[in-house]
4 protein chains.
Amino acid sequence: MNYLPAPTATKPDLRIYERMESRVRSYSRCMPRQFAKAMGAWMYDSEGGRYLDFLTGCSTLNYGHNHPVLKQALLDYINADGIAQSLDLHTEAKAAFLEELEATILKPRNMNYKAMFTGPTGTNAVEAALKLARKVTGRQLVIAFTNGFHGMTLGALACTGNSVKRSGAGIPLNHVSHEAFDEYFGPDVNTADLLEHRLSDPSSGLDAPAAILVETVQGEGGLNVASVNWLKQIASLAKKHGALLIIDDIQAGCGRTGPFFSFERAGITPDIITLAKSLSGLGLPLALTLIRPELDQWEPGEHNGTFRGNCHAFISATAALKYFWRTDVFSRGVKRHGQIMENRLLQIAAKYPGRVAVKGCGMMLGLDVGSADIAAAVTRIAFRRGIVIETSGPHDEVVKILAPLTIDDETLHIGLDAVEAAVADAFIETDGIKWNRRKANAH
Amino acid sequence: MNYLPAPTATKPDLRIYERMESRVRSYSRCMPRQFAKAMGAWMYDSEGGRYLDFLTGCSTLNYGHNHPVLKQALLDYINADGIAQSLDLHTEAKAAFLEELEATILKPRNMNYKAMFTGPTGTNAVEAALKLARKVTGRQLVIAFTNGFHGMTLGALACTGNSVKRSGAGIPLNHVSHEAFDEYFGPDVNTADLLEHRLSDPSSGLDAPAAILVETVQGEGGLNVASVNWLKQIASLAKKHGALLIIDDIQAGCGRTGPFFSFERAGITPDIITLAKSLSGLGLPLALTLIRPELDQWEPGEHNGTFRGNCHAFISATAALKYFWRTDVFSRGVKRHGQIMENRLLQIAAKYPGRVAVKGCGMMLGLDVGSADIAAAVTRIAFRRGIVIETSGPHDEVVKILAPLTIDDETLHIGLDAVEAAVADAFIETDGIKWNRRKANAH
Amino acid sequence: MNYLPAPTATKPDLRIYERMESRVRSYSRCMPRQFAKAMGAWMYDSEGGRYLDFLTGCSTLNYGHNHPVLKQALLDYINADGIAQSLDLHTEAKAAFLEELEATILKPRNMNYKAMFTGPTGTNAVEAALKLARKVTGRQLVIAFTNGFHGMTLGALACTGNSVKRSGAGIPLNHVSHEAFDEYFGPDVNTADLLEHRLSDPSSGLDAPAAILVETVQGEGGLNVASVNWLKQIASLAKKHGALLIIDDIQAGCGRTGPFFSFERAGITPDIITLAKSLSGLGLPLALTLIRPELDQWEPGEHNGTFRGNCHAFISATAALKYFWRTDVFSRGVKRHGQIMENRLLQIAAKYPGRVAVKGCGMMLGLDVGSADIAAAVTRIAFRRGIVIETSGPHDEVVKILAPLTIDDETLHIGLDAVEAAVADAFIETDGIKWNRRKANAH
Amino acid sequence: MNYLPAPTATKPDLRIYERMESRVRSYSRCMPRQFAKAMGAWMYDSEGGRYLDFLTGCSTLNYGHNHPVLKQALLDYINADGIAQSLDLHTEAKAAFLEELEATILKPRNMNYKAMFTGPTGTNAVEAALKLARKVTGRQLVIAFTNGFHGMTLGALACTGNSVKRSGAGIPLNHVSHEAFDEYFGPDVNTADLLEHRLSDPSSGLDAPAAILVETVQGEGGLNVASVNWLKQIASLAKKHGALLIIDDIQAGCGRTGPFFSFERAGITPDIITLAKSLSGLGLPLALTLIRPELDQWEPGEHNGTFRGNCHAFISATAALKYFWRTDVFSRGVKRHGQIMENRLLQIAAKYPGRVAVKGCGMMLGLDVGSADIAAAVTRIAFRRGIVIETSGPHDEVVKILAPLTIDDETLHIGLDAVEAAVADAFIETDGIKWNRRKANAH
């Protein structure tokens, strides 16, 4: 298993980051290289090292880096002096995107939504969704879920579970109740029943909610997959109790789980949908809040933002919808790859009974290795072997594999081989450490 | 005064926007054309009409549209498969930007700051600043100002004065006290004294603030310019009362008022500075929070965001700093243009004594025409004459002129001629309407 | 079963209340009489009607009305011009109370607490407890429970579950998470385990709590009794997670469940205890927050209130502690009476299998009759039979029997006979109505 | 000036308080005696010392201690087994109070209000007022004023200015904006104009208020008297902007400034009025929220509380209204006494030009002696001379004189003589200390 050429050993000069960049940076701490170029599944560092990207910007690069079709569309646009920034003025770039979205994504799925372009980050799309839900219902409480992740600005952060992120707020985060996600209390407790019980009890202390905000697969939360039944029950609960159902599809959408929207498997109709990350196709900032038409009750300008008319991103996004989503070839490919990955991961897990479990679905998969220490060891070793890869989960105990959806079979196997080897090494290393500690303590 | 070729009369087909875009859109309502291309100060619509851009994305396009040097740098980068999206990984694009920022902007000004890249919108940069101030001080209240504008996500929105924007929140916006901006109560009341009085009174009900958040020139608030003395007093107040001074330079920074930072004229040293809009030079999403090093107390990853590594924007931003800011030629040009504009505007205002006043400074100027109706008439007429232009101010009573800083003298005069004519027509129209009404009422 | 002389039929003149009193009044709506005097278990209305008090001011009159010993102590004090109101000055009345509290209640139970007199209502005592817990821990979130009731001022109201009461706030009630009380999800779900799971998960969205606030028996919430094991587990959870354990013993304390404190059966040591209602013995306003000495970290005057030195109440409270609590005779009597009541209620319930259940413990007992309609019928009929009695529970479905603890056996049986008859009549009435409706619908 | 017999020197045994009472106690720290009895203006300690009460429970004992008429009414009621506690049931005691309130207070003043009895403390009455204002208007923000004091429970505390009290909350206090009270910025700034300016500016950041909550004379805030014009302007502002006007008359009401309500001098009609403190006449806990009938939109039971039916307090309150308010003799007497006091205080102040100022109005008067140190010295020395007296104001710099309104001329002069002497001694002591320090520093 030595398919990946070892990245060069030359250490990059990273002093400018130490000197000039805030200590808030995180990913770069575990992957101390400097990257320069990228094509498809591969990233190249300044010293000539090559890395297989199993992180893809946390699912921002579903179509791989610099996909040639998308790249060419953008180059053509820039060369022709296409308008780059337009606030919310009408532009040809936006019109083309809206038309493609309507024809290729919404119509075939019998979905009827208005498109709201917010500031081009996922958290802005979530903030807009929350605002609208509160405005439309006249209620203030939002129900979010344990281990949910929705963004870093205060409205979205209040819906996020992670305590480190939350503590950054410096003020209490309110107007949100975090309820138990599917199987949060194990397979025997139907958490949707618990929620129903509280919503139906006028003395439960749970106020009438404006919205239920949910990810169908929790990316940052550890690749937890909500079951179809649970999602249906939550959707029905929302309807019954007058709350809007908001699906945050920022990480799981745009094909990551197979279909364009992650909730298609459940056959539910959200009131509001948030998209961002892979929407632009090239990794450019773009965010979109889809709203059922009757809920589009905004005052003009009530929620705005300078960069909501990011035309470069409209251009590449339109090209991506055209190229990948006009037929179901791409989607079927994702499902096939997802199956390959899941099988490999199950084989890996089977080697470590009781210690490793497979998480996720589609091509949003990972390995729960039981602790942050082991998961960190896996990613550290994998990075040495040329894999850009990260962890997630409440205790950072899940090694998250987010390969480009466009990856070819051979490259996928190369990467999974490296992950498999890293897991093996990580257990040796960790068990060894523990054994050494025991020995040391014996004296 | 007919220098601008009248845009074609062909009406564009805007049905896709009606059908598919949320009613939250605003600018496009007053300017019902569809734009396609843009170069320098000029925008072109799909029907071949040409418009002079006196809005520049609310100061996002200080260097004009598609500046050839910036554009070429971006094309070269994309052609070479430069990495587009990198979360917070180290990239050559980021390193180049940090080095240019340090060498060209900070060092010559004896400024020592750490750079934090937030999600690439101004509101995200403000949210990060607020979080950090609260975290560092352990306090929760932030002091913002009347007519201030800081963004649409809940943390920044709480600091924003505009009641339409605020009402969009759907929940009460707290932890912020809105104090009176300079000259808010007229020239005879020193509002910094009022604030000082309340901060020094342990029973005023004003809790100890974590930060004072201020724009030196309020762009959305009506081009209100804080005096140097007021800014110095506010800076000193912040220091005395243990609050961080945050300058929101998102609209006024990047040369709009002449120097790179708008606060340079006041000789103050903010604790935190937020930048966005024109930072990338081409209108691409990019946001930056500058932090005094000793305040950089973030936990790794405590505030993050997918698109904070928008490398396309790093590339054009670096090119912009290099091209425009390595000498003071550009800055001096802005001052000269600003003086020309101010003189012209004073001449216009002089024609309407007691009805029109000049607001703003540098090339961040406008005309207070006394009412939303008249201001709307001015911009509507100006748009018919080929000027893209907008209003601001608490009652939308200020016609805001944000020309590209790179505009040539002739084009500037063409535009100002059109504005002058639009003001004249607007008053005729408005007074006429009123006269007709009076006449009608007389019967 | 006709032991109670039917109250006179003369209708009282209640116009002054209609004309002058706010419509917020509630109990008086179901019991449209005007009361004048009261002794022991009996209340007398202005028309000479006599009523057996099975409400006792929601457990405020545990020793009955105008107990002669307490009444005489108060008369002596007033006759001697004893000081009535003292803010927090030292008074003989307060000293006597503190000494009696220490000697009779705390010392024999090996309890070491500081006494804080708050404004003389339960809600004020709870507010003080919450403030102190937040201050001492530096945390903001408080965990309260479904169906909990803690008061009407905003801090306590945020901890209260009832949605009608909550909606009165007019602002969102925050900084509190309402967790499931014991057996809230039925006997098969250990809700303390659920809470533990969430507290131990750093991504659950549940912030570290300042306090866990709990009633051992939920009076307003429907006479739900927390089991000893659950209480022990909650106490242990609080300790483990650095939260203070606050027992709100306002309704269940002062002997209502048998021992002086309701939590004595669980063998737990709260960090803070709130008492009010029956503390003064005569029904006079008095409230007390007991604090473990090391948590008594108040600044002088940090929480105050005019009537916290209500000396009349100190006098009667001291007399009550002396008379009832120096030996265990009284407490044993309550247990015996409770057993008698429980047996009677079980007999009544047995007549209506599947329709009536016994709730509560000690002399804090009631009948869950399944719906608000039936419960209202029971209390209405019982009142016609001369019983002052009320409902509680999330749906007002529990007929709550709070007899004076000092009641004699015969009177207790008279009252229970009347309740039994009222239940029978209520079911006849309700079933009859339903039957009539069915018949009517059949046509 | 030695009219007051020096209190005995025997030191009382205060160990029980040290051992058993929370350190939150405050008044008792400056007056380390133990009080036993009280009649009229005089309090007696356990060692036989006699003290003139110039604190009167912060205006809770306007009719003096144990007024014989009120006391007899209460004794008669208790002797006759009058019902003591009634929740909100109808009682003869409540009816009598409502009738007397209507006939003696409201009707003669052409006032039409509904009476809401809240939990019997001022803070509960304020909480009810705030809730109702928010409910009725559907708005959340309340405008309160610098140096205002409204209570210690979270809703009322948010409206209180004092930072020590506020910090006790342990959570941020929101939904309230503290605006400048009359003359807060000196005589040249009309603070009502400032407020009007902000309320009329849609971008001021000040949300539309549910209520304006104001004391006409700020007792705790330093005896600041709002002018008639300012009060009229505030009342008119409230009306214009759709906010309810709530007058908190808890300390200034019940005759303290002369008329029964303190706002009568301004000729304004509040929407809601809160009363407590002296309402019961004897110092017993009682609180009342008066509501304009069309605003009485409570749901039954939406705001309740155990002790809102404190019949002992109804009895003494009724007796007080009858005895003192059926004619204007009493009110005129207060005005006369107020004039005497003011003249004396002006004479005292005149001795210390630039150092002492007279504050307040009616019999709610005090001396601003410039610093907490001097004020503390005055009260300490006065207490040694047999005067119970306290300070107020943002810096505790005002010696507050709240004599019983029933005091006779001779006793009043005795007390004022002692205050005068204490002021003199305090300045000698303070100046001496300073002088000594200067001398010491000279070496």
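Calculation rules
Residues numbered from 1 in each chain as written. Chains lettered and ligands numbered in written order. Predicted model: local features only at pLDDT ≥ 70, side-chain atom pairs only at ≥ 80, totals over all residues. Heavy atoms only, no water. Pairing = 2+ DSSP bridges. Helix = DSSP H or I, 4+ residues; strand = E, 2+ residues; numbered from the N terminus. Axes fitted to C-alpha atoms, helices over the stretch in contact; angles between N-to-C directions. Salt bridge = Lys/Arg side-chain N within 4 Å of Asp/Glu carboxyl O. Buried < 20%, exposed > 50% of the residue type's maximum accessible area, 1.4 Å probe, protein only. Expected span 1.5 Å × (residues − 1). Arc of directions from axis to C-beta. Contact = heavy atoms within 4.5 Å. Disulfide = S-S within 2.5 Å. Phe/Tyr/Trp six-rings, centres within 6.5 Å; stacked < 30°, edge-to-face > 60°. Lys NZ or Arg CZ within 6 Å of the ring centre and 35° of its normal. Domains from an automatic or database assignment. Buried area = accessible area lost by both parts, 1.4 Å probe. Polar contact = N/O pair within 3.5 Å; in protein donor to acceptor, adjacent residues only side chain to side chain. Least-squares fit on C-alpha atoms with pLDDT ≥ 70 in both. pLDDT = per-residue confidence, 0-100. Parallel < 35°, antiparallel > 145°, perpendicular 65-115°, else oblique. Nonpolar A, V, L, I, M, F, W, Y, C, P; charged D, E, K, R; others polar.

**Focus on the sheet that holds strand β13 (residues 288–291) of chain B**
Residues and elements named next belong to chain B.
Right, so step 1: Taken together, 7 strands build an open sheet; the order of strands is β5-β13-β12-β11-β8-β6-β7 and the sheet is mixed. The open sheet has two free edges, formed respectively by β5 (114–117) and β7 (176–179), since each of these has just one partner strand. For this sheet the average axis-to-axis angle between neighbouring strands, irrespective of direction, equals 20°.
Right, so step 2: Relative to strand β11 (residues 244–248), strand β8 (residues 209–214) runs parallel, the two being bridged by 4 bridges. From the neighbouring strand, V214 faces β11, where its bridge partner is I247.

**Focus on the pattern of salt bridges**
Right, so step 1: For the structure on display, the rule yields 102 salt bridges over all chains.
Right, so step 2: With a shortest N-O distance of 2.7 Å, E102(B) and R19(A) are connected by a salt bridge. Of this pair, E102(B) sits in helix α5 (residues 92–106) while R19(A) is found in helix α1 (residues 15–20), placing the two residues in two different chains.
Right, so step 3: With relative accessibility at 11%, the residue E102(B) sits in the buried group.
Right, so step 4: Accessibility expressed as a relative area gives 44% for R19(A), which makes it partly exposed.
Right, so step 5: Two residues, K71(A) and D81(B), come together in a salt bridge whose shortest N-O distance is 2.7 Å. Taken together, the residues span two chains, with K71(A) in helix α4 (residues 68–79) and D81(B) in the loop between α4 (68–79) and β4 (90–91). Grouping residues by exposure puts K71(A) and D81(B) together as buried.
Right, so step 6: Salt bridges sharing common partners tie together R344(A), K351(A), D417(A) and E420(A).

**So, helix α10 (residues 228–240) of chain D**
Residue and element names in this part refer to chain D.
Right, so step 1: With 13 residues, α10 extends 18 Å from end C-alpha to end C-alpha; this agrees with the ideal 18 Å at 1.5 Å per step.
Right, so step 2: Buried within α10 are the following residues: W230, L231, I234, A235, L237 and A238. For α10, the arc enclosing every buried residue in end-on projection is 160°, short of the 170-degree limit, so these residues lie on one face. The exposed set on the far side of α10, more than 90 degrees from its buried face, consists of N229, K239 and K240.
Right, so step 3: If you follow the buried residues of α10, they end up packed against β6 (141–145), α9 (191–200), β8 (209–214) and β11 (244–248).

**Focus on the state of the cysteines**
Covalent bonding between the sulfur atoms of two cysteines is what defines a disulfide.
Right, so step 1: Taken as a whole and judged by the stated rule, the model has 0 disulfides over all chains.
Right, so step 2: Free of any disulfide, C159(A) has its nearest cysteine sulfur in C159(B), 19 Å distant.
Right, so step 3: Taking the relative accessible area as the measure of exposure, C159(A) reaches 0% and is therefore buried.

**Describing the packing of aromatic side chains**
Residue and element names in this part refer to chain A.
Right, so step 1: Counted by the stated rule, this structure contains 72 aromatic pairs over all chains.
Right, so step 2: Grouped by ring-pair contacts, the aromatic residues Y63, F260, F261, F263, Y323, F324, W325 and F330 constitute a single cluster.
Right, so step 3: Above the face of the W42 ring, R50 is positioned so that its terminal group lies 3.6 Å from the ring centre.

**With respect to the domain arrangement of chain A**
Residue and element names in this part refer to chain A.
Right, so step 1: When its domains are assigned, chain A resolves into domain 1 (15–60 + 329–442) and domain 2 (68–325).
Right, so step 2: In this structure, domain 1 and domain 2 have C-alpha centres spaced 26 Å apart.
Right, so step 3: Interface area, domain 1 with domain 2, both sides summed: about 2000 Å², of which 58% is carbon and sulfur.
Right, so step 4: Ranking the residues of domain 1 by area buried against domain 2 places S59, T60 and M364 at the top, with a combined share of 32%.
Right, so step 5: Run the count over domain 1 and domain 2 and you get 1 salt bridge.
Right, so step 6: K400 serves as the salt-bridge partner of E220, at 2.8 Å between the closest nitrogen and oxygen.
Right, so step 7: Here domain 1 is connected to domain 2 by 15 residue pairs in polar contact (both at pLDDT 80 or more).
Right, so step 8: Elements that contribute at least two residues to the side of domain 1 that touches domain 2 include exactly α3 (56–59), α12 (329–350), β14 (357–361), β15 (364–368) and β18 (398–401).

**Regarding the interface of chain A and chain B**
Right, so step 1: Counting residues at the interface gives 109 residues for chain A and 110 residues for chain B.
Right, so step 2: Buried surface at the junction of chain A and chain B, both sides included, amounts to about 9800 Å², of which 60% is carbon and sulfur.
Right, so step 3: Sorting the residues of chain A by area buried against chain B places M20(A), H90(A) and F307(A) first, and these three jointly supply 9% of that buried surface.
Right, so step 4: Linking chain A with chain B are 6 salt bridges.

**Looking at the relation of the copies chain A and chain B**
Mapping between the two chain copies consists of a rotation about an axis together with a translation along that axis.
Right, so step 1: Superposition record for chain A on chain B: RMSD 0.0 Å, screw rotation 180°, translation along axis 0.0 Å. Taken together, the turn and the small shift mark the pair as related by a two-fold rotation axis. Measuring from the rotation axis to each C-alpha of chain A, the shortest distance belongs to L154(A), at 2.7 Å.
Right, so step 2: Mapped onto chain B, 100% of the interface residues of chain A are again interface residues, and the two copies thus contact each other with one and the same surface.

**With respect to the confidence of the model for chain A**
Right, so step 1: Confidence in the prediction for chain A averages 95 pLDDT; 95% of positions are at 70 or higher.
Right, so step 2: We note a pTM of 0.95 for the whole complex and an ipTM of 0.96 for its interfaces.

**Focus: the sheet that holds strand β1 (residues 34–39) of chain B**
Right, so step 1: An order of β4(A)-β1(B)-β2(B)-β3(B)-β16(B) is seen for the 5 strands of this open sheet, with the pairing classed as mixed. Of all the strands in the sheet, the pair left with one neighbour each is β4 (90–91) of chain A together with β16 (387–388) of chain B.
Right, so step 2: Relative to strand β2 (residues 42–45) of chain B, β1(B) is paired through 4 bridges, and the arrangement is antiparallel. Residue F35(B) lies in a different strand from β2(B), and its bridge partner there is D45(B).

**A few points about the pairing of strand β13 (residues 288–291) of chain C**
Residue and element names in this part refer to chain C.
Right, so step 1: Of the two faces of β13, the one lined by L288 and L290 and the one lined by T289 and I291 are each fully buried.
Right, so step 2: In this structure, strand β5 (residues 114–117) lies alongside β13, joined through 4 bridges in antiparallel fashion. In the strand pairing of β13, M116 is matched with T289.
Right, so step 3: The sheet contact formed by strand β12 (residues 272–275) and β13 spans 4 bridges and is antiparallel. Bridging across to β13, T274 finds its partner in T289.

**So, unusual backbone geometry**
Right, so step 1: Even without being a glycine, D396(C) presents a positive backbone phi close to 55°.
Right, so step 2: One non-glycine residue with positive phi stands out, namely K277(D), at about 20°.
Right, so step 3: One can find K277(D) in the loop between β12 (272–275) and β13 (288–291).
Right, so step 4: For K277(D), a relative accessible area of 8% corresponds to the buried category.

**Things to note about the packing of helix α9 (residues 191–200) of chain C against helix α10 (residues 228–240) of chain C**
Residues and elements named next belong to chain C.
Right, so step 1: Where α9 contacts α10, the axes come no closer than 10 Å and their chain directions differ by 10°. Classified by the angle between their axes, α9 and α10 sit roughly parallel to one another. Contacts between α9 and α10 involve T191, A192, D193, L195, E196, L199 and S200 from the first element and W230, Q233, I234, L237 and K240 from the second.
Right, so step 2: The class makeup of the residues in the contact of α9 with α10 is 6 nonpolar, 3 polar and 3 charged.

**As for the environment of G283(C)**
Right, so step 1: For G283(C), the position within the fold is in the loop between β12 and β13.
Right, so step 2: Along the backbone, G283(C) and Y63(C) are 220 residues apart, and their C-alpha atoms lie at a distance of 9.2 Å.
Right, so step 3: With near-sequence residues (within four places) excluded, G283(C) lies in contact with T60(C), L61(C), Q85(D) and F307(D).

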